[in-house]
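Fold and contact review
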There are 2 protein chains.
Amino acid sequence: MHTADGERPPTTLQHVAALARVSPKTASRALNGERYVAPETAARVLEAARSVGYRVNAVARDLRLGAAPPLVGFVSADLANPFYSRLAAGVERELRPAGLLLVTVSSDEDPDAERTAVASLLDRGVRALVVASTSADQEHLEAARRPGTPLVMVDRAGAVPGADTVVLDNAAGAREVTAHLLARDAGGGAGGDGRRPHLAVVSDLRRLETGRARMEGVARALEEAGLPPLAAAQVREAHDAASAERAVAELLAADPHPTGVLAMNNLLATGAVRALARAGALGACAVAGFDDVDLAGLVGLATVSYDAEEMGREVGRLVLARVRGDEGPARHVVVPTRLVVPPEDDGADGGADDRADDGAPGHDRVTSLTSPTPRA
Amino acid sequence: MHTADGERPPTTLQHVAALARVSPKTASRALNGERYVAPETAARVLEAARSVGYRVNAVARDLRLGAAPPLVGFVSADLANPFYSRLAAGVERELRPAGLLLVTVSSDEDPDAERTAVASLLDRGVRALVVASTSADQEHLEAARRPGTPLVMVDRAGAVPGADTVVLDNAAGAREVTAHLLARDAGGGAGGDGRRPHLAVVSDLRRLETGRARMEGVARALEEAGLPPLAAAQVREAHDAASAERAVAELLAADPHPTGVLAMNNLLATGAVRALARAGALGACAVAGFDDVDLAGLVGLATVSYDAEEMGREVGRLVLARVRGDEGPARHVVVPTRLVVPPEDDGADGGADDRADDGAPGHDRVTSLTSPTPRA
DNA sequence: CGGCTGCGTGTCAACGTTGTCAGGTCGTGA
DNA sequence: TCACGACCTGACAACGTTGACACGCAGCCG
């Protein structure tokens, strides 16, 4: 026999008021610290509230006041991906001081789930919506622009008319890292012996927009180096470390041995490094990747790095401005990337430090953001 | 001149009803697909709703129905920390199919922020609360147990009476990895030359409960190996990769050279490896850490690994059960750890695979959970 | 033909809260 | 004494929605 604890109905202002022998309105006044409540009455109300463990129903209050709940929706493909979670952490850090709560939903790369999530968040009256879209449909346009809910597209800009966007400078990063790999081969670097540079690329399956931009950056670097564009045999697609490892193993066996391997994201880079290590080619073949990877510097992995958390903060600031009534034209922020070259491998780049493998969230990374903000 | 877009008041059921020339109730019926609505009327209502972009106010509906909003709060120290974000991702994955939304708040290790966050979530009527506590106070007890809101403490159990807990088996993991380091030294491993094993430990500053459990595991392993307990000079505290690197550099310079370095979390492990690499002792001195680290296997880092996302799913399942009315006694789940030894370094352990450095979220990791669930 | 059932619709109230307004009781200055 | 202000309190309505209930109209059966 347990203590009949079952369904305790939440205590309301009514209960507190009855207990304190005042009207609900007076109880409300006392609890909100308004003026014109007799000290003794206030004390009685507060004591009554304490004794029954009263908590205001913020939802009902918001409804009465016509205020939207202090929620901001964040929809990403997968929160377990460090990129998205750092992004979310950055957003949340900016929002929290303003009393806004971040509601995170993962779509698991499923456009339908994304649509459902967006609809659900919108129905709950979120103040703003941040979407790292899996499928840049028009659904978000029709759904989100309608009620005047600010929409910020992050990582993938999509094509929603009124939406703000915050994206990485993928093309520039890819171009830079590609140029680095090429220069390293051509020059007298650790593995470069004057052979004609020959790249192998492992690209991502999904995130089409970012992937495309990165491949364009690669193409541009090749063109600028006077080299022919990538042949189909030089590129493999993969979606995780294991498949990347297999892909790179195959690429390494190709006839003109690759002199450099470029992996287009952190998972793929890990797989690529493993494949190289297994083939005993870690020193002989240059390797570079996107995103931060733990211990990258120690295994000679160059990375196109960036501050995902700062990117999230930028998103958060944008959201705050919109929530506070900024009705200006859509803003489009491009976050720069930074090439981080391992210490013993600075053939082309000079001032890169060795902090690419810092496992910390990266609070202190200095990343100047290109923010075309008209005023303030 | 822009299109007078300013403060659009949200369209309500009233507007739709007026437009369709029916009562709000009939509009409600049509939109909810109830029976007993004339097809022609329903069509008129739907068309009206579409034309003004009507979205139901889910908050008002919940209030009317007396239902708590489908929100679950998740309070952690820092979502940018991969551990917490994977945890959150796991929780969210279990919750989403049930239509529950996860509200994530970071406390930034600040007990006050944590208290504020918990209060705020409670006021919003979250269905359940998941807390990776920074300060295991009694606040949560008084605040959260009161309204019958289920509370799940994760990572740090704390001391809240009715709360469910999900924690790692820190002591066992630490004991296992310590035994591994000791055996490696004593045996004929790569770096072991029969010297008396001498450990250096970098421990975490905060997360007292987990840290203490881990240190206890270390102590037990030493005792079982017939070795003296750790001396003060063998232990340093650090809180990030950089400070860990400095700490390990100092430890390495000590008189009886350490034969093994043990770092108590992922950040510290990264710093430790860097320090060893810088000292050229990567091969000579065994190194081990907690948590998953990218590319750990390639640099000879053994890790006490576990599946944070699966841990989160366990939390999610617990939350679901509670939300669905499970009033049983508090459950306490202990998640096992797994020692992952790099390929070339399996002196003591046999069947460990080499996937410790898999950057993927770890969907496919098989981790049997010790779940003392009475029924189902 | 009276009663009954199935259908389609509307009125009313309520979820928990707070703004508005209307009292009421003092004390004070004219 | 009266009016006026400051203080304290309560009744009422409303936020947007939907359950409960009632009404009206067919058609059907006895």
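If you're wondering where the values come from, they're calculated on a predicted model, not measured in any experiment. (Residues numbered from 1 in each chain as written. Chains lettered and ligands numbered in written order. Predicted model: local features only at pLDDT ≥ 70, side-chain atom pairs only at ≥ 80, totals over all residues.)

Notes on the overall build of chain A
Scanning chain A from N- to C-terminus turns up 12 helices and 12 strands. Out of the 376 residues in chain A, the part that is buried amounts to 50%. Here the contacts in chain A between residues at least 6 apart in sequence split such that 69% fall between residues at least 24 apart. (Helix = DSSP H or I, 4+ residues; strand = E, 2+ residues; numbered from the N terminus. Buried ≥ 20, exposed ≤ 12 C-beta atoms within 10 Å, placed from the backbone. Contact = placed C-beta atoms within 7 Å.)

Quick notes on the relation of the copies chain A and chain B
After a rotation of 180° and a shift along the axis of 0.1 Å, chain A superposes on chain B with an RMSD of 0.1 Å. As the rotation angle and translation indicate, the two copies are arranged about a two-fold axis. No C-alpha of chain A approaches the rotation axis more nearly than that of V103 of chain A, which lies at 2.1 Å. Looking at the interface residues of chain A, 100% of them are also at the interface in chain B, so both copies use one shared face. (Least-squares fit on C-alpha atoms with pLDDT ≥ 70 in both.)

Considering the UniProt feature "domain: HTH lacI-type" (unreviewed entry) in chain A
In the UniProt entry, the feature "domain: HTH lacI-type" (unreviewed entry) is given for residues 11-65 of chain A. The distance from the first to the last C-alpha atom of residues 11-65 of chain A is 21 Å, and the span holds 69% helix and 0% strand. (UniProt positions renumbered as here; feature names shortened; annotations may be inferred.)

Focus: the protein's contact with DNA strand D
The local shell around DNA strand D holds 25 residues, among which T26, T41 and R64 of chain A together with L13 and S28 of chain B are the closest. Where the surface near DNA strand D is concerned, the elements lending two or more residues are α2 (24-31) and α4 (58-65) of chain A together with α1 (13-20), α2 (24-31) and α4 (58-65) of chain B. Among the elements that make up the surface near DNA strand D, the one with the highest residue count is α4 of chain B (5 residues). Grouping the amino acids of the surface near DNA strand D by side-chain chemistry returns 11 nonpolar, 9 polar and 5 charged. (Near = placed C-beta within 6 Å. Nonpolar A, V, L, I, M, F, W, Y, C, P; charged D, E, K, R; others polar.)

A few points about the protein's contact with DNA strand C
For DNA strand C, the set of nearby residues contains 25 residues, the closest of which are L13, S28 and N57 of chain A together with T26 and R64 of chain B. Of all the secondary-structure elements, those providing two or more residues to the surface near DNA strand C are α2 and α4 of chain A together with α2 and α4 of chain B. Broken down by element, the surface near DNA strand C gets its largest block of residues, 5 residues, from α4 of chain A. Of the residues belonging to the surface near DNA strand C, the class tally is 12 nonpolar, 8 polar and 5 charged.

Here we look at the pairing of strand β8 (residues 260-263) of chain B
All names here are of chain B. Taking every second residue as pointing to the same face, both faces of β8 are buried, with G260 and L262 on one and V261 and A263 on the other. Pairing geometry for strand β6 (residues 199-204) and β8, over 4 bridges, is parallel. Following the sheet pairing, A200 is matched in β8 by V261. Across 4 bridges, the pairing between β8 and strand β9 (residues 286-290) is parallel. For G260, the partnering residue across the bridge sits in β9 and is A286. This β-α-β element, β8 to helix α11 (residues 266-278) to β9, shows right-handed connectivity. (Pairing = 2+ DSSP bridges. Right-handed = clockwise from strand over helix to strand, strands pointing away.)

Brief notes about the sheet that holds strand β9 (residues 286-290) of chain A
Residues and elements named next belong to chain A. The strand order across the open sheet formed by 6 strands is β7-β6-β8-β9-β10-β12, and the pairing between neighbours is mixed. Pairing within the sheet leaves two strands with one partner each, and these edge strands are β7 (235-238) and β12 (338-340). Neighbouring strand axes in the sheet, compared pairwise and without regard to direction, differ in orientation by 20° on average. Of the pairings in the sheet, the one linking strand β10 (residues 301-305) to β12 comprises 3 bridges and is antiparallel in character. (Axes fitted to C-alpha atoms, helices over the stretch in contact; angles between N-to-C directions.)

Things to note about the interface of chain A and chain B
At the interface, 59 residues of chain A touch 59 residues of chain B. Going through the elements one at a time, α4, α5 (82-95), β2 (101-106), α6 (111-123) and α11 (266-278) of chain A are the ones with two or more residues in the side of chain A that touches chain B. Ranked by residues supplied to the side of chain A that touches chain B, first place goes to α5 of chain A with 7 residues. In the side of chain A that touches chain B, the residues fall into 28 nonpolar, 13 polar and 18 charged. Pairing of β2 of chain A with strand β2 (residues 101-106) of chain B involves 3 bridges; the strand directions are antiparallel. Bridge pairing links T104 of chain A to L102 of chain B in β2 of chain B.

Considerations on the sheet that holds strand β3 (residues 128-131) of chain B
The 12 strands are arranged β11(A)-β5(A)-β4(A)-β3(A)-β1(A)-β2(A)-β2(B)-β1(B)-β3(B)-β4(B)-β5(B)-β11(B) in an open sheet whose pairing can be described as mixed. Every interior strand has two partners, whereas the edge strands, β11 (332-335) of chain A together with β11 (332-335) of chain B, have only one. Strand-to-strand twist of the sheet, defined as the mean angle between neighbouring strand axes without regard to direction, takes the value 20°. As defined by bridge partners, strand β1 (residues 71-76) of chain A adjoins β2 of chain A across 6 bridges and the pair is classed as parallel.

Details of α11 of chain B
Residue and element names in this part refer to chain B. Taking 1.5 Å of rise per residue, 13 residues should cover 18 Å, and α11 covers 18 Å from first to last C-alpha, within 8% of that figure. With respect to burial, α11 is a largely interior element, 11 of its 13 residues being buried. Summarising the contacts, the buried residues of α11 are in contact with β6, β7 (235-238), α10 (241-252), β8, β9 and β10 (301-305). Looking one or two places after α11, you find G280, whose phi comes out positive at around 65°. (Expected span 1.5 Å × (residues − 1).)

Remarks on the environment of V56 of chain B
Tracing the sequence through the fold places V56 of chain B in the loop between α3 (39-52) and α4. Classification of V56 of chain B as partly exposed rests on a count of 16 C-beta atoms within 10 Å. Once the C-alpha coordinates of V56 of chain B and D240 of chain B are considered, the two residues, 184 residues apart in sequence, prove to be 47 Å apart. For V56 of chain B, the residues in contact, after removing those within four places along its chain, are D123 of chain A together with L31 and R61 of chain B.

What to know about the packing of helix α1 (residues 13-20) of chain A against α2 of chain A
All names here are of chain A. The N-to-C vectors of α1 and α2 enclose an angle of 95°; their axes lie 8 Å apart at closest approach. Classed by the angle they form, the pair α1 and α2 counts as roughly perpendicular. Where α1 abuts α2, its residues L13, Q14, V16, A17 and A20 lie against P24, T26, A27 and S28. The residue inventory of the contact of α1 with α2, partitioned by class, reads 6 nonpolar, 3 polar and no charged. (Parallel < 35°, antiparallel > 145°, perpendicular 65-115°, else oblique.)

Brief notes about the confidence of the model for chain A
All names here are of chain A. Of the residues in chain A, 82% have a pLDDT of 70 or more, and the chain-wide mean is 82. Ranking the elements of chain A by mean pLDDT puts helix α7 (residues 139-145) last with 66 and α2 first with 97. Predicted confidence for residues 1-6 stays below pLDDT 50, and this span has 1 contact to residues more than four positions away or in other chains. In the model, residues 188-193 has pLDDT below 50 throughout and makes 14 contacts with residues more than four positions away in sequence or in other chains. (pLDDT = per-residue confidence, 0-100.)

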